[in-house]
Amino acid sequence: MTARLIMKLRVANMRFTTPDVLHLQLVHPLRPALPEWSAGAHVDLRMPDGRVRQYSLCGDPDDRSRYEIAIKREATGRGGSVWVHENLREGNEVHISAPRNNLPLSDKGKRYILVAGGIGITPFVSMARTLARQNKDFTLHYCARSAEQAPLLAELRDICGANLQCWFSADSRRFDPAVIGPYDENTHVYICGPQRLLDAVQSALSAWPEEQVHGEVFQMTVDENFKPEPFEATVASTGQRFLVPADKSLLDVLRANDFPLPSSCEMGVCGSCECGYRDGLVLHRDKVLPTSKRQDRLMLCVSRARVSVTLDL
Amino acid sequence: MMEAFQHPAGSIAVAKPGGATAWQGKLLHIHVAPSASYEMEELQEAECVAGRGIVGDRYFEGTGTYSPKPDVREVTLIEQEALDAISRNDPPLQDGPITLEPRDHRRNLTVIGVPLNHLVGRRFRVGDVILRGGRLNFPCKYLEELLGLPVFLPLYNRSGLNCGIERGGIIRPGDSIELLTS
């Protein structure tokens, strides 16, 4: 569990990088330096009604004077992007958390392959910048409908040069995961974009160890077949036992019992409400914890248990 | 051995009158946060409401991290002297000095010349407002996480004082602070 500071930042600049993607520059009205971050990090944007959405930082990690985010208007989404497009203007105040990184660049690789689909490009702008600065061997595969509909394309051409490979369907070029090539122990692959792109690349790389294939998706875990069941949660430090009904999360029940716990997305993608557990068969359901941590960590917002679980609280 | 009044802490304190009692303090900064985890904001003037808190602060609004817990949190104070000691890594508990700005420590009032650890169970005056010392503040891991700085141990035993408000009113930086004996 990590608490993050929430700041009231000012929209210093906003422009359309494609017809439906806004690129925002955010500055702190009082502090010259914002909290530091590394390539792959995201921030939470808090809307006035309390909803929270995550956006990858797409600026330069070495420039602490501003944060940059790019937001695609998604009319069928969960409402965050439409609120931003319709309400935010230059000079407005926007509530932004300090950054967190769920998609850090591994320092173990010698070669890096980044695969982005559409607005999934955002975490790769800072990654490409970092890799280029470190003179690392990398290729960025950028899938989009066309150059006009590829967010931040001009910046990426500057940063990546010949390391950028565009796959625009309007030009009849479609990305084939086979271009990644055979397994190589020194190569790390990062994927960000629509679920079908993640699925395609991850299935093509199914023989690779999961430590070398990294993906991030900001959307709710959808499993229509999952039916929540009630279970019992025990707090290890106090011995308190709580019943978690089928229609409530662990987070809901703990908060109702005076446990002040941080959270953000409350759909298993941001990692804010991570918590340890000791015994119990846990149904994880989150998109953030790696397999290696699932034996003793869970996400209070979406994880449940069969019959009972003991929490390290 | 070092001569006691040559020590960085002793040499600063020796020049100041008073001790646990005959001291004269001053309010340096007022900060509030609108809600849990929000950055603190500095005020040039604040309204203290008896039995509730500082208008605009998360513990006045009931939106603080610890608001659900029954506790004394109407106003929290911390000594500038403690922040100064941490900034010179005294005692040397971490790798180097940590600068904890008044807007960062998340206590409402930064004060100087006030022996907060002696004020549990005492009444004292900040400007026209009267506060009652409820308990010593205790550093929390939550603050370490928010700041990304290892401040838990350095703040141990000098993390400030949690107070209730006996008589409300307006406070401003520069207000004098005095022990009330009657």
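Being a predicted model, the structure only gives us computed values, none of them experimental.

Examining the overall build of chain B
Inference 1: Along the backbone of chain B there are 5 helices and 11 strands.
Inference 2: Its C-alpha atoms give chain B a radius of gyration of 16 Å, near enough to 16 Å, the size a compact globule of 182 residues would have.
Inference 3: Each principal axis of the C-alpha atoms in chain B carries an extent, and together these give about 50 × 40 × 30 Å.
Inference 4: Looking at the 182 residues of chain B, the share that counts as buried comes to 33%.
Inference 5: Taking the contacts inside chain B whose residues are at least 6 apart along the sequence as the reference set, 71% of them involve residues at least 24 apart.

Some details on the sheet that holds strand E4 (residues 53-54) of chain B
Residue and element names in this part refer to chain B.
Inference 1: Strand order in the open sheet formed by 3 strands is E4-E3-E10, with antiparallel pairing between adjacent strands. Looking at which strands have only one partner, the edges of the open sheet turn out to be E4 and strand E10 (169-171).
Inference 2: Bridging between strand E3 (residues 46-49) and E10 involves 3 bridges; their strand directions are antiparallel. Paired with Cys 48 across the strands is Gly 169, a residue of E10.

Quick notes on the environment of Arg 174 of chain A
Residue and element names in this part refer to chain A.
Inference 1: Take Arg 174: it is sitting in the loop between strand E9 (164-168) and strand E10 (187-192).
Inference 2: Separated by 30 residues in the primary sequence, Arg 174 and Ala 144 have C-alpha atoms spaced 9.0 Å apart.
Inference 3: If near-sequence neighbours (up to four positions away) are discounted, Arg 174 is found in contact with Trp 167 and Ser 169.

Notes on the domain arrangement of chain A
Inference 1: In terms of domains, chain A is made up of domain 1 (6-97), domain 2 (111-216) and domain 3 (231-311).
Inference 2: Here domain 2 of chain A and domain 3 of chain A have C-alpha centroids that lie 33 Å from each other.

Thoughts on the interface of chain A and chain B
Inference 1: Each partner contributes residues to the interface: chain A has 10 residues there, and chain B has 11 residues.
Inference 2: Class assignment of the residues belonging to the side of chain A that touches chain B gives a composition of 6 nonpolar, 1 polar and 3 charged.

What to know about the pairing of strand E3 (residues 42-46) of chain A
Residues and elements named next belong to chain A.
Inference 1: Of all 5 residues making up E3, 5 are buried, and the element is well covered by its neighbours.
Inference 2: Neither face of E3 is open: one carries His 42, Asp 44 and Arg 46, the other Val 43 and Leu 45, and all of them are buried.
Inference 3: Bridge count for E3 against strand E4 (residues 52-56) is 5 bridges, and the pairing is antiparallel. Looking at E4, one finds that His 42 is bridged to Ser 56.

Quick look at the sheet that holds E3 of chain A
Residue and element names in this part refer to chain A.
Inference 1: Pairing in this open sheet of 6 strands is antiparallel, and the strands run E4-E3-E6-E1-E2-E5 from one edge to the other. In this open sheet, the two strands that pair with only one neighbour each are E4 and strand E5 (67-72). The average undirected angle you get between the axes of adjacent strands in this sheet is 40°.
Inference 2: Pairing geometry for strand E2 (residues 21-27) and E5, over 6 bridges, is antiparallel. The residue of E5 that forms the bridge with His 23 is Ala 70.

Side note on helix H3 (residues 153-160) of chain A
All names here are of chain A.
Inference 1: Within H3, the full set of buried residues consists of Leu 153, Leu 156, Ile 159 and Cys 160. Buried residues of H3, seen end-on, are gathered within an arc of 125° and therefore sit on one face of the element. Summarising the geometry of H3, the exposed residues directed more than 90 degrees from the buried face are Ala 154 and Asp 158.
Inference 2: Packing partners of the buried residues in H3 comprise helix H2 (122-133), strand E8 (137-144) and E9.
Inference 3: One or two residues past the end of H3 sits Gly 161, with phi positive at roughly 55°.

Notes on unusual backbone geometry
Inference 1: In this model, Asp 90 of chain B is joined to Pro 91 of chain B through a cis peptide bond whose omega is 0°.
Inference 2: Checked against the element boundaries, Pro 91 of chain B lands in the loop between helix H3 (80-87) and strand E6 (109-112).
Inference 3: The phi dihedral of Arg 285 of chain A is positive, around 65°, even though this residue is not glycine.
Inference 4: The partly exposed category is assigned to Arg 285 of chain A, around which 17 C-beta atoms lie within 10 Å.
Inference 5: Not every positive phi belongs to a glycine, and Ser 37 of chain B is a case in point at roughly 75°.
Inference 6: With respect to the helices and strands, the residue Ser 37 of chain B is situated in the loop between strand E1 (25-32) and strand E2 (41-43).
Inference 7: A tally of 23 C-beta atoms within 10 Å means that Ser 37 of chain B is categorised as buried.

Here we look at the confidence of the model for chain B
Inference 1: Looking at chain B as a whole, its pLDDT mean stands at 91, while 100% of the residues score no less than 70.
Inference 2: Taken together, the chains of this predicted complex give a pTM of 0.77 and an interface ipTM of 0.83.

Some details on the nonpolar core
Inference 1: Formed by 55 residues in total, the largest nonpolar core has its most connected members in Ile 69, Leu 114, Ala 116, Phe 124, Ala 128, Leu 140 and Leu 156 of chain A.
Inference 2: Counting contributing residues, this core receives three or more from each of domain 1 (6-97) and domain 2 (111-216) of chain A.
Inference 3: For Ala 128 of chain A, the contacting residues outside a window of four places in its chain are Leu 114, Phe 138, Leu 140, Leu 156, Ile 159 and Cys 160 of chain A.
Inference 4: If you look at the next biggest cluster of nonpolar residues, it comprises 36 residues, including Ala 33, Met 40, Ile 86 and Val 111 of chain B.

Overview of H3 of chain B
Inference 1: If you check which residues of H3 of chain B are buried, you get Ala 82, Leu 83 and Ile 86 of chain B. Angular distribution of buried residues about the axis of H3 of chain B spans 100°; they occupy a single face of the element.

Side note on the pairing of E2 of chain A
Residue and element names in this part refer to chain A.
Inference 1: Among the 7 residues in E2, 5 count as buried, and that is most of the element.
Inference 2: Note that strand E1 (residues 6-18) and E2 share 7 bridges and pair antiparallel. Following the sheet pairing, Asn 13 is matched in E2 by Gln 25.
Inference 3: Turn length for the E1-E2 hairpin, with the two strands adjacent in sequence and antiparallel, is 2 residues.

Notes on the environment of Pro 32 of chain A
Inference 1: Looking at the element boundaries, Pro 32 of chain A is found in the loop between E2 and E3.
Inference 2: Separated by 34 residues in sequence, Pro 32 of chain A and Arg 66 of chain A have C-alpha atoms that sit 8.7 Å apart.

With respect to the packing of H2 of chain A against H3 of chain A
All names here are of chain A.
Inference 1: With their axes 9 Å apart at the nearest point, H2 and H3 run at an angle of 15° to one another. Between H2 and H3, the interaxial angle falls into the category roughly parallel. In terms of crossing hand, the pair formed by H2 and H3 is left-handed. For the pair H2 and H3, contact is made by Val 125, Ala 128, Arg 129 and Ala 132 and by Glu 155, Leu 156, Ile 159 and Cys 160, respectively.

Parameters and conventions
Residues numbered from 1 in each chain as written. Chains lettered and ligands numbered in written order. Predicted model: local features only at pLDDT ≥ 70, side-chain atom pairs only at ≥ 80, totals over all residues. Helix = DSSP H or I, 4+ residues; strand = E, 2+ residues; numbered from the N terminus. Rg over C-alpha atoms; globule rule 2.2 N^0.38 Å. Buried ≥ 20, exposed ≤ 12 C-beta atoms within 10 Å, placed from the backbone. Contact = placed C-beta atoms within 7 Å. Pairing = 2+ DSSP bridges. Domains from an automatic or database assignment. Nonpolar A, V, L, I, M, F, W, Y, C, P; charged D, E, K, R; others polar. Axes fitted to C-alpha atoms, helices over the stretch in contact; angles between N-to-C directions. Arc of directions from axis to C-beta. pLDDT = per-residue confidence, 0-100. Core = buried A, V, L, I, M, F, W, Y, C linked by C-beta atoms within 7 Å. Parallel < 35°, antiparallel > 145°, perpendicular 65-115°, else oblique. Left-handed = near helix turned anticlockwise from the far one by under 90°.

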